[in-house]
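Here's the letter readout for the chains.
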Amino acid sequence: MSNALKNLLYKMADDALVIGHRNSEWTGIGPMLEEDLAFSSMAQDKIGHAQALYSILNTLFGEADPDTLAFKRQEKDLKSCQFVELPIGEYDFSIVRQFLFDHAELLRYDMLTQSSFQPLAQLAKKVKGEIKYHVMHGDTFVKQLGNGSEESKARMQSALNYAWPYALGIFEKDETDAELISEGVFAGEDELKTRWLQKVTPVIEAAGLKVPATDETKIVYGGRKGFHSEYLKPMLEEMTEVTRTDIDAEW
Amino acid sequence: METGILEITEEQVWFALENVKDPEIPVLTVVDMGMITGVAITDNSVVITMTPTFVGCPAIHVIKQSIYDEVKKLGFDSVEVKVDFETKWTSDRMKDGAKEKLEKFGLAPPVVLNDDELTEEQLNRVRCPHCHSTDTTLRSAFGSTLCRAIRFCFNCKQGFEQFKPV
C-alpha cells in the first residue's frame, strides 16, 4: 500500500512543482498587470501545495526533506505529466493549460477529501478552497477570449487543440491505481477523467469553442513513469540553478 | 524546584500572542486571524499549535518565529510552535472585531461562508471599505498577496483590495 500512496503523492507534488514554476515564468511579463499577479499568485499556491505533499512524503514515509525532493532529484525521477512541463508559450496556451489542468486539480482534491488516508484528506479540504479561485480564473478568461474577437477565438481553439492530447495525459494510469481504489484512498484516474470531461465541456461550449476530438493513440503518456519531453530538463536546470551553485549551502 | 517562580498561565500566553501581527496585514494579530488552534502548557513548557491561512503562505516562517519570540519572553524553558494540519483555516475563523479592523485598514473583509462552497454571488456582495457602497465588482481574484483579491467600486470610482473568503 505504501508504494501506491507514495506514487500518488509524488505525481501530485511533482505536477504542482512543475506547473508552479511554469506559472512563475509569467511574473513580470504578463499581458496585463492583473494577469501578471494572477499567474504569480497561482505559482505561489502551487509551490505551497507541492511543499505540503513533499512534507507528507518526508514525515510519514521517510523520504528526503521537501527541498531535497524539489531541487535535487533527476528528471527521470519526476512523476509529473508532460502537460505541465510544456513551455508557457503565448498567453492563449498558458490560459488554456491553466483552465484544463486546474479543473483536474480541483476534482482530484475534491475526490481526495473522501480519502481513507487522513493526512491527504485533510490537506485536500484546505487546498480545494484555494484551487477554486484558480478554476474561476481559468473559466473567466476562456469564456472571455473564446467569445472575443475572431483572432482571440482562433487562437483559443488552436491552443485547445494543441493542449488536448497532453491534458488527457494527466490521467495516465499505472499498476497502483487499482490498489488505491480498493483501499479507498483515491477513486482513480478513470473516474477523475470522466468527471473532468463533464466539467470542462460546458465551459468550452459556453466559450463558443469546440471540444477537440479525442484520438486515443495521440494521448501523451509517459510522464508518470519518468519519461519526459525535451522541455523538462532545461526547466529543471533553470529552477535549480541557484541551489546548484552551492549544493550544501544552508538556507 | 522550590524556586517560587510563578506559574505562567494560559491567559498570559494568549495575551502575548496578541503582540504577534500578521506581517501581511499589520492591523491583525494571529489571534484575530483565528490562526491559533491550541495552547498546551505542561510544567514550564508550552506547545502552541497554529494553522496557516494559505498552504503556500510565505509569511508562515516569520509568523512562527514571532510567536516563538513573544511567548519565550514569558519565561518558559521550552516553547514549541507546531503547524496544525488537522484544523482547516477558513476566513470564518476570524474573530469578532477583526473584520472591522480590516475594513478600517482599507481591506474589505471576507464574507461569511459557513461552509466550503463559494459562489459567484458571495463574491459579488462586497462593500467598498472607502465609501461603503456595495456597487462593486471583482477585477481579479488575485492581488498583492495570496489572501487578497482586487475589486473596483463604481460609486467612488476607486480600486480596493478584499481579503478573499476561503
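Check the entry above for the structure.
Here the structure is a predicted model, which means the values were calculated and not measured. Residue positions are given per chain, counting from 1 as you read along its sequence in written order. Both sets of labels track the order of writing: A upward for chains, 1 upward for ligands. Restriction of local features to residues with pLDDT of at least 70 applies here, the model being predicted, together with a cutoff of 80 or more for giving and counting side-chain atom pairs; totals for whole chains, interfaces and linings are based on all residues.

1. Looking at the overall build of chain A
Logical step 1: Numbering of helices and strands runs from the N terminus, with a helix taken as a DSSP run of H or I at least four residues long and a strand as a DSSP run of E at least two residues long. Counting its secondary structure elements, chain A contains eleven helices and zero strands.
Logical step 2: Atoms considered for the radius of gyration are the C-alpha atoms alone. The globule rule reads 2.2 Å times the number of residues to the power 0.38. What you see for chain A is a C-alpha radius of gyration of 18 Å, in line with the 18 Å of a compact globule of 251 residues.
Logical step 3: Its C-alpha atoms give chain A principal-axis dimensions of about 55 × 45 × 35 Å.
Logical step 4: Contacts here follow a simple rule: the backbone-placed C-beta atoms of the two residues must lie within 7 Å. Contacts spanning at least 24 positions in sequence make up 75% of the contacts within chain A whose residues lie at least 6 apart.

2. Structural notes on the packing of helix α1 (residues 10-17) of chain B against helix α2 (residues 60-72) of chain B
Residue and element names in this part refer to chain B.
Logical step 1: All axes are obtained by fitting lines to C-alpha atoms, using only the stretch in contact for helices, and the reported angles, taken between N-to-C directions, cover 0 to 180 degrees. Running from N to C, α1 and α2 point in directions that differ by 130 degrees, and their axes come no closer than 9 Å. In terms of orientation, α1 lies oblique with respect to α2. In the packing of α1 onto α2, the handedness of the crossing is right-handed. Seen from α1, the contacting residues are Val 13, Ala 16 and Leu 17; seen from α2, they are Ile 67, Glu 70 and Val 71.
Logical step 2: As a working rule, the residues Ala, Val, Leu, Ile, Met, Phe, Trp, Tyr, Cys and Pro are called nonpolar, Asp, Glu, Lys and Arg charged, and the rest polar, with Gly in that last group. Residue classes in the contact of α1 with α2 are distributed as five nonpolar, no polar and one charged. Any angle that falls under 35 degrees is termed roughly parallel, while one over 145 is termed roughly antiparallel, one within 65 to 115 roughly perpendicular, and all others oblique. Note: crossing handedness is left-handed where the near helix turns anticlockwise from the far helix by less than a right angle, and right-handed where it turns clockwise.

3. Considering unusual backbone geometry
Residues and elements named next belong to chain B.
Logical step 1: Phi is positive for His 132, close to 70 degrees, though the residue is something other than glycine.
Logical step 2: When you line up the elements, His 132 lands in the loop between α4 (120-124) and β7 (136-140).
Logical step 3: For Lys 157, which is not glycine, the phi torsion reads 55 degrees and is therefore positive.
Logical step 4: When you line up the elements, Lys 157 lands in the loop between β8 (148-153) and β9 (158-163).

4. Remarks on the sheet that holds strand β3 (residues 36-42) of chain B
Residues and elements named next belong to chain B.
Logical step 1: An order of β3-β4-β5 is seen for the three strands of this open sheet, with the pairing classed as mixed. Every other strand in the sheet has two partners, leaving β3 and β5 (78-83) as the edge strands with one partner each. Adjacent strand axes in the sheet meet at a mean angle of 15 degrees, parallel and antiparallel pairs treated alike.
Logical step 2: Pairing between strands requires that DSSP locate at least two bridges from one strand to the other. Here strand β4 (residues 45-50) pairs with β5 via six bridges, running parallel. Paired with Val 47 across the bridge in β5 is Glu 80.
Logical step 3: Relative to β5, α2 is tilted by about 155 degrees, and along the sheet it contacts β4 and β5.

5. Digging into the packing of helix α5 (residues 91-112) of chain A against helix α7 (residues 150-168) of chain A
All names here are of chain A.
Logical step 1: Two numbers describe how α5 lies on α7: the axes approach to 9 Å, and their chain directions differ by 50 degrees. By the angle between their directions, the pair α5 and α7 is classed as oblique. In the crossing of α5 with α7, the sense of the turn from one axis to the other is right-handed. Between α5, through Asp 92, Phe 93, Val 96, Arg 97 and Leu 100, and α7, the contact on the second element is made entirely by Arg 155, Met 156, Ala 159, Leu 160, Tyr 162, Ala 163 and Ala 167.
Logical step 2: Residue classes in the contact of α5 with α7 are distributed as nine nonpolar, no polar and three charged.

6. Points about the nonpolar core
Logical step 1: To count as a nonpolar core, a set of buried Ala, Val, Leu, Ile, Met, Phe, Trp, Tyr and Cys residues must be joined through C-beta atoms within 7 Å. Backbone-placed C-beta atoms define the burial measure: a residue is buried with 20 or more other C-beta atoms within 10 Å of its own, exposed with 12 or fewer, and partly exposed in between. Counting residues in each nonpolar core, the largest one holds 105 residues, and the members touching the most others are Ala13(A), Leu53(A), Val96(A), Val142(A) and Val30(B).
Logical step 2: Those residues in contact with Val142(A) that sit more than four places away from it in its chain are Ile95(A), Val96(A), Phe99(A), Met156(A), Val203(A) and Ala207(A).

7. So, α1(B)
Residues and elements named next belong to chain B.
Logical step 1: Burial in α1 covers these residues: Val 13, Ala 16 and Leu 17. End-on, the buried residues of α1 take up no more than an arc of 100 degrees, which puts them together on one face.
Logical step 2: In this structure, the buried residues of α1 make contact with β2 (25-29), β3, β4 and α2. Arc, as used here, means the arc of the directions from the helix axis to the C-beta atoms.

Geometry only, nothing functional implied.
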